[in-house]
Amino acid sequence: MVSDVLVPMDGSEMSEYALEYAIDAFPNAEITVLHVVGEPSPMWGRATGLALADDIEEAAREHAETVFERAREIVTDADDDVVLRTEIEFGHPVRAIVGCADDYETVVIGSHGGTVADRIFVGNVAEKVFRRSPVPVVVVR
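In what follows, the accompanying structure is described. The model shown is predicted, which means the values in this text are computed figures rather than measured ones. Within any chain, residue numbers begin from 1 and follow the written order of that chain's sequence. The predicted origin of the model limits local features to residues at a pLDDT of at least 70 and limits the giving and counting of side-chain atom pairs to 80 or more, whereas totals for whole chains, interfaces and linings rest on all residues. Neither water nor hydrogens contribute to the side-chain values; these are computed over all heavy atoms in the structure.

Pairing between strands is defined by DSSP: at least two bridges between them are needed. Per the convention used, a helix needs a DSSP run of H or I reaching at least four residues, while a strand needs a run of E reaching at least two, with both numbered from the N terminus. Pairing is parallel across the open sheet formed by 5 strands, whose spatial order is E3-E2-E1-E4-E5. The outermost strands of the open sheet, each flanked by one partner alone, are strand E3 (83-90) and strand E5 (137-140). For this sheet, the mean angle separating the axes of adjacent strands, direction not counted, is 25 degrees. Bridge count between strand E4 (residues 106-110) and E5: 4 bridges; the pairing is parallel. Pairing of glycine 110 across the sheet is with valine 140, part of E5. Relative to E3, helix H3 (residues 56-78) is tilted by about 155 degrees, and along the sheet it contacts strand E2 (30-37) and E3. Helix H4 (residues 93-101) rests against strand E1 (4-8), E2, E3 and E4 of the sheet, and its axis sits at about 155 degrees to E2. Fitted lines through C-alpha atoms serve as axes, helices being fitted only where they are in contact, and the angles separating the N-to-C directions of these axes extend from 0 to 180 degrees. Throughout, a residue-residue contact means that at least one pair of heavy atoms, one from each residue, lies within 4.5 Å.

Quick look at the nonpolar core now. In this text, buried Ala, Val, Leu, Ile, Met, Phe, Trp, Tyr and Cys residues form a nonpolar core when linked through side-chain atoms within 4.5 Å. Note on classification: 1.4 Å probe, protein chains only; a residue is buried when its accessible area is under 20% of the maximum for its type, exposed when over 50%, partly exposed between these limits. Core analysis: the biggest nonpolar cluster contains 20 residues, and Val5, Val7, Met9, Leu19, Ile23, Ile31 and Val108 have the highest contact counts within it. In terms of residue count, the dominant contributor to this core is H3 (6 residues). Aside from chain neighbours lying at most four places away, what touches isoleucine 23 is Ile31, Ile74, Val75, Ala78 and Val82. Counting residues in each nonpolar core, the second largest holds 17 residues, with Val94, Val107, Val129 and Val137 among its members.

It is worth stressing that arrangement in space is one thing and function is another; only the former is reported here.
Following this line, the structure appears as structure tokens:
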């Protein structure tokens, strides 16, 4: 029986499906929602905005809180008994997720984000996490 699950969430619909799946598939597990604040680059528009903020860490926490609020709503709608933890990491999403994975029994990740750019980059994240993770990975689509 799996008792500790990591669910990376980026705010996309697919990451929400991943959380819903984790709740259903692992009803007795503690679930940690991980939000990775990416490194600034022209391709990661929101991360670039965070880099320009006066207090980067505070801006990242505010951004992550939106994702965490949605995660809490999903948990409340599904089952009030789910133990939900939240965590923020900074850096490259693949490295951050794989780096955290050692502390969990499995990772449940959405297959891709919502936009075409998300499908290219976030889908790439899911594939790399699947290939590099030290623990089993469930990819939800």
